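Observations on chain architecture
One letter stands for each residue in the lines below.
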Amino acid sequence: MKNIIIIVFSIFVMSTFAQTETIKFPSEDGIEITADLYKIDADAPWIILHHQAGFSRGEYRSIAPKLNALGFNCIATDQRSGKEVNGVINQTHLAAEKQGKETKYVNAIPDLKATLEYVKSELKAQDIIIWGSSYSSALTFYMASQYPEDIKAVLAFSPGEYFEISGETISSLAAQVKCPVFITSAKNEEEYWRVIYNAVPGEKYFYLPQEEGFHGSRALWPEKEGHEMAWKEVEEYLESIYNKK
């Protein structure tokens with residue numbers, strides 16, 4: 001019980017002192033991206049949080065503060081492919097629709113690229129981790145394959161071969177990833193990501209829950225059964241990366 005109290009107090013303290021702010025910056029094609037910053041320390045590593053299909057940056061309202069408590073800055077973005085979750089409307093999606101832009105999964109790639117550039121150039125991040133949920137977790141393999149010098153690690157929640165990018169499958173992109181990779185999903189989704197996981201040539205980890213589990217990052221929401229174990233696996237993965245520095 002004492003350990004539980006200490007952990008809860010730590011999360012409360014870190015979340016209290018985190019600077020939270022909603023910002024806007026342009027995507028590669030001029031669409032305005034909306035994102036939430038959860039900043040604790042300019043020198044701390046940054047985690048870029050991308051949401052799942054039909055969602056918004058609201059997917060990370062309960063997740064980002066806990067990552068702050070673990071010592072990470074976070075930026076949770078609205079991608080143009082998405083709509084609303086937890087009462088948070090996807091403003092990037094609205095901006096794209098207003099300009100007549102397509103909002104399919106792969107159309108979100110310029111948003112991911114612009115976010116990475118913003119974190120590098122404007123936030124002056126030294127260490128960057130990219131995190132995806134459902135379709136955006138597939139996009140993290142594209143990003144890590146294209147920007148190996150910028151991305152330190154990948155966390156992919158429920159990835160799959162949802163699409164091809166310039167004729168390449170997600171597993172073929174995964175084969176080009178040089179950084180550590182963590183994959184997790186609902187229990188019945190392993191068949192969708194196993195080929196991707198097998199393709200990763202280097203350091204990699206996966207977690208498959210014993211219970212049913214949940215699709216995407218919502219497996220970490222506090223109201224979801226099994227979230228404690230999912231968090232334990234995420235924390236151990238992040239610790240494994242930074243214990244090597």
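A brief look at the structure comes next. (Residues numbered from 1 in each chain as written. Predicted model: local features only at pLDDT ≥ 70, side-chain atom pairs only at ≥ 80, totals over all residues. Heavy atoms only, no water.)

1. Focus on the pairing of strand 1 (residues 19-26)
- Of the strand pairs in this sheet, strand 1 and strand 2 (residues 32-39) are connected by eight bridges, and their pairing is antiparallel. Bridge assignment links glutamine 19 to a residue of strand 2, and that residue is lysine 39.
- Counting the residues between successive antiparallel strands, the hairpin from strand 1 to strand 2 contains five residues, one of them, glycine 30, with a positive phi of roughly 95°. (Pairing = 2+ DSSP bridges. Helix = DSSP H or I, 4+ residues; strand = E, 2+ residues; numbered from the N terminus.)

2. Structural notes on the packing of aromatic side chains
- Tallied over the full model, the rule gives 13 aromatic pairs.
- Taken together, the ring pairs in this structure connect Tyr60, Trp131, Phe157, Phe182, Tyr205 and Tyr237 into an aromatic cluster.
- A cation sits over an aromatic face here: lysine 204 above tyrosine 197, 4.9 Å from the ring centre. (Phe/Tyr/Trp six-rings, centres within 6.5 Å; stacked < 30°, edge-to-face > 60°. Lys NZ or Arg CZ within 6 Å of the ring centre and 35° of its normal.)

3. Looking at the sheet that holds strand 7 (residues 128-133)
- Within the open sheet, the eight strands sit side by side as 1-2-4-3-7-8-9-10. Their pairing is mixed. Where the open sheet ends on each side, the last strands, each with one partner, are strand 1 and strand 10 (204-207). Strand-to-strand, the axes of this sheet are offset by a mean angle of 20°, without reference to chain direction.
- Against the sheet, helix 4 (residues 109-121) makes contact with strand 1, strand 2, strand 3 (46-49), strand 4 (73-77) and strand 7, and its axis sits at roughly 120° relative to strand 1, the strand it touches most. (Axes fitted to C-alpha atoms, helices over the stretch in contact; angles between N-to-C directions. Contact = heavy atoms within 4.5 Å.)

4. A short note on helix 5 (residues 135-146)
- With twelve residues, helix 5 extends 17 Å from end C-alpha to end C-alpha; this agrees with the ideal 16 Å at 1.5 Å per step.
- Within helix 5, eleven of the twelve residues are buried, which leaves it mostly tucked inside the rest of the structure.
- Inspection of helix 5 places Tyr135, Ser136, Ser137, Ala138, Leu139, Thr140, Phe141, Tyr142, Met143, Ala144 and Ser145 among the buried residues, and these make up the whole buried set.
- On its buried face, helix 5 is in contact with helix 4, strand 7, strand 8 (153-157), helix 6 (170-174), strand 9 (181-184) and helix 7 (190-199). (Expected span 1.5 Å × (residues − 1). Buried < 20%, exposed > 50% of the residue type's maximum accessible area, 1.4 Å probe, protein only.)

5. A word on helix 7
- Of all the residues in helix 7, the buried ones are Trp193, Ile196 and Tyr197. Down the axis of helix 7, the buried set is contained in an arc of 100°. They therefore lie on one face.
- In this fold, the buried residues of helix 7 make contact with helix 5, helix 6, strand 9 and strand 10. (Arc of directions from axis to C-beta.)

6. Topic: a nonpolar patch on the surface
- Together, Tyr105, Val106 and Tyr162 make up an exposed nonpolar region whose accessible area comes to about 240 Å².
- Relative to the assigned elements, tyrosine 105 resides in the loop between helix 3 (91-98) and helix 4. (Patch = residues over 30% accessible without salt bridge, like charges linked within 9 Å, V, L, I, M, F, W, Y side chains within 5 Å. Areas by Shrake-Rupley, 256 points an atom, 1.4 Å probe, with all protein chains shown as cover. Salt bridge = Lys/Arg side-chain N within 4 Å of Asp/Glu carboxyl O.)

Interpretation note: all reported values are geometric properties and have no functional meaning in isolation.
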